[in-house]
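Given next are the chains, with one letter for each unit.
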Amino acid sequence: MTTHVLNDTGVMLGRSVRHVTRSVDTIITVTIMPIAFLLLFRYVFGGAIQTGTDNYTNYLMPGVLLIAIASGISYTAFRLFNDLQGGIFERFHSMPISRSSVLWGHVLTSLVSNAISVVVIILVGLAIGFRTSAGILAWLAVAGILAMFTLALTWVAVISGLSASTSDGAAAFSYPIVFLPFISSAFVPTETMPGPVRAFAENQPVTSIVNSIRALWDQQPVGNDIWIALGWCAGILLVAYLFAMAAYRRKIA
Amino acid sequence: METRNPAIQVAGLTKSYQDLHVLKGVDFTVAGGSIFALLGSNGAGKTTIVRILATLLKSDSGTATVNGFDVASAPAAVRESISLTGQFAAVDEILSGRENLIMIAKLRRVKNPAGVADDLLERFSLTDAGGRRVATYSGGMRRRLDIAMSLIGDPPVIFLDEPTTGLDPEARIEVWQEIQKLAGGGTTVFLTTQYLDEAEKLADRISILHQGTIIVSGTLAELRQLLPPAKVEYVERQPTLEEIFLAIVGKEKQR
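Rules used throughout
Residues numbered from 1 in each chain as written. Chains lettered and ligands numbered in written order. Predicted model: local features only at pLDDT ≥ 70, side-chain atom pairs only at ≥ 80, totals over all residues. Heavy atoms only, no water. Contact = heavy atoms within 4.5 Å. Buried area = accessible area lost by both parts, 1.4 Å probe. Salt bridge = Lys/Arg side-chain N within 4 Å of Asp/Glu carboxyl O. Polar contact = N/O pair within 3.5 Å; in protein donor to acceptor, adjacent residues only side chain to side chain. Helix = DSSP H or I, 4+ residues; strand = E, 2+ residues; numbered from the N terminus. Pairing = 2+ DSSP bridges. Axes fitted to C-alpha atoms, helices over the stretch in contact; angles between N-to-C directions. pLDDT = per-residue confidence, 0-100. Buried < 20%, exposed > 50% of the residue type's maximum accessible area, 1.4 Å probe, protein only.

A common way to express how large an interface is: the accessible area buried when the components associate. Listed by partner, the interface residues are 30 residues for chain B and 24 residues for chain A. Carbon and sulfur atoms make up 56% of the surface buried where chain B meets chain A, a total of about 2500 Å² over both sides. Counting across the interface, chain B meets chain A through six salt bridges. The tally of links from chain B across to chain A stands at 13 residue pairs in polar contact (both at pLDDT 80 or more). Looking at the side of chain B that touches chain A, the elements with two or more residues in it are α2 (75–81), β6 (82–85), α3 (97–107) and α5 (139–151) of chain B. In terms of residue count, α3 of chain B provides more of the side of chain B that touches chain A than any other element does, five residues in total.

Next up on the list: the sheet that holds strand β8 (residues 188–193) of chain B. All names here are of chain B. Strand order in the open sheet formed by six strands is β6-β7-β8-β3-β9-β10, and the pairing between neighbours is mixed. Strands at the two margins of the open sheet, each flanked by one partner only, are β6 and β10 (213–218). Going across the sheet, the axis of each strand differs from the next one's by a mean of 15°, ignoring polarity. Looking at chain direction, strand β7 (residues 157–161) and β8 are connected through five bridges and run parallel. Following the sheet pairing, Val157 is matched in β8 by Thr188. Taken strand by strand, helix α1 (residues 46–53) contacts β3 (35–39), β6, β7, β8 and β9 (205–210), and its axis lies near 150° from that of β8. Contacts from helix α6 (residues 169–184) reach β3, β7 and β8, with the element oriented near 150° to β8.

In low-pLDDT segments, the atomic positions of the prediction should not be examined closely. Taken as a whole, chain A shows an average pLDDT of 89; of its residues, 99% reach a score of 70 or greater. Here helix α8 (residues 167–172) of chain A stands out as the element of chain A with the lowest mean pLDDT, 84, in contrast to helix α7 (residues 136–163) of chain A, whose mean of 93 is the highest.

A separate point is α1 of chain B. Residues and elements named next belong to chain B. Across the eight residues that make up α1, a large majority, seven, are buried. Those residues of α1 that sit buried are Lys46, Thr48, Ile49, Val50, Arg51, Ile52 and Leu53. Immediately downstream of α1, the backbone of Thr55 shows phi near 65°, a positive value.

To continue, consider the pattern of salt bridges. Here the structure, examined in full by the defined rule, presents 20 salt bridges over all chains. Between Arg172 of chain B and Asp197 of chain B there is a salt bridge whose closest N-O contact spans 3.4 Å. Within this pair, whereas Arg172 of chain B is found in helix α6, its partner Asp197 of chain B is found in helix α7 (residues 196–202), the two being separated by 25 residues in sequence. Take Arg172 of chain B: its relative accessible area is 15%, and that puts it in the buried class. For Arg224 of chain B, the salt bridge goes to Glu200 of chain B, with nearest N and O atoms at 3.3 Å. Taken together, the residues span a long stretch of sequence, with Arg224 of chain B in helix α8 (residues 220–225) and Glu200 of chain B in helix α7 at a distance of 24 residues. Looking at Arg224 of chain B, the relative accessible area reads 26%, which means it is partly exposed. A single salt-bridge network, built from bridges that share partners, covers Arg15 and Asp83 of chain A together with Asp92 of chain B.

As structure tokens, this is what we get:
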């Protein structure tokens, strides 16, 4: 049975990766907005923002990557919604395959496609002044945090894709998530924010994730931030997974 | 093509959605290797029955077996025995026709998926279109691809839920020919349709689903006997199945 799960998930992954690579426009839409923010903050706002660091591109990179992932996962909801509408979801479920592979195919595809956008954005970052001398372990830690963040949000996207009634609705859940980095330490230090805003900013998941990645790239001690970041991701992942499974069971007997 | 074990057996099947009682005790049997047509108006519950038999939906009560396996207690064995072609062509628009077939062949773990795909493209006259994205296909081509995908792995029972809805007359005839070939090869075909001529043309046995129960079952000849013999007055002709259907359904409503 395990081999079936792997075979079936592999086939499903191959299928939806083709969906990603054949709709180049989705890759462009996913990366163009974060790249626009990157350029906007680097060349327009950046000069006026006091962060206490000499390289503002380094400062804003982690937040831009999180925005990219938050908007990228909405396509997972969109693709899943289309599968449900088109009837191919039911076809798969009436076949002698491992049923979990249908969702896992989408989830793994989300990891692959978001990894592609993250790499593209890092390359653009390097071109406009992002610099790090982080070693392989720090890079692996950054990749791990981003993968956890993607996985957690992807399961949120699965809930949305399974329960939405229109394709616009399937993607709409990601708008607030895309906005979260703006009320965090992603672009400006939280110290300048008024009390309640600052309290929110410092205690929401994006800040700890941004601080961890920034510290890893700057080869600074990450302190507790990385554990808070991973805790947030694991917590969101677990809750979203449970809700996604409940939504899934409502869809299928 | 005599009856072996019944390919499908349904007894006392019920299903409700809140206050809406879609199925109120459905019974029928389908002989192996035959074409069975389930007739009914839109919303009569045909698709609900198909979804229960294809293990996509649980019934509230009653039993249903497909190829000897109970849909509730042995769903995995049922899925090994069936293929479902739903009401909307369940094909992947972004993949090519050939890739769709290979995908299903891999999921069904048949040997030589590419060879199976090429054979089916040939058989369904899709060889030239095989490399094109399905999004560019016509309705008839999609349906043919959809049915071709259902044949992979040679499942003994095939469900076709309104296979010709939305097709032009020529495409309908192509689909009909494929269905007849299938049954000729020993596959049991469970067909739902709202086109009465379709059932008349294809089905060995017909059941009419109306207001949650099967109100009549039989061969076309048996259904014809339910009406008084053709009157020899001005015109002499047998009643069409359409007349039989409307007469029976009308009678039920008056009760």
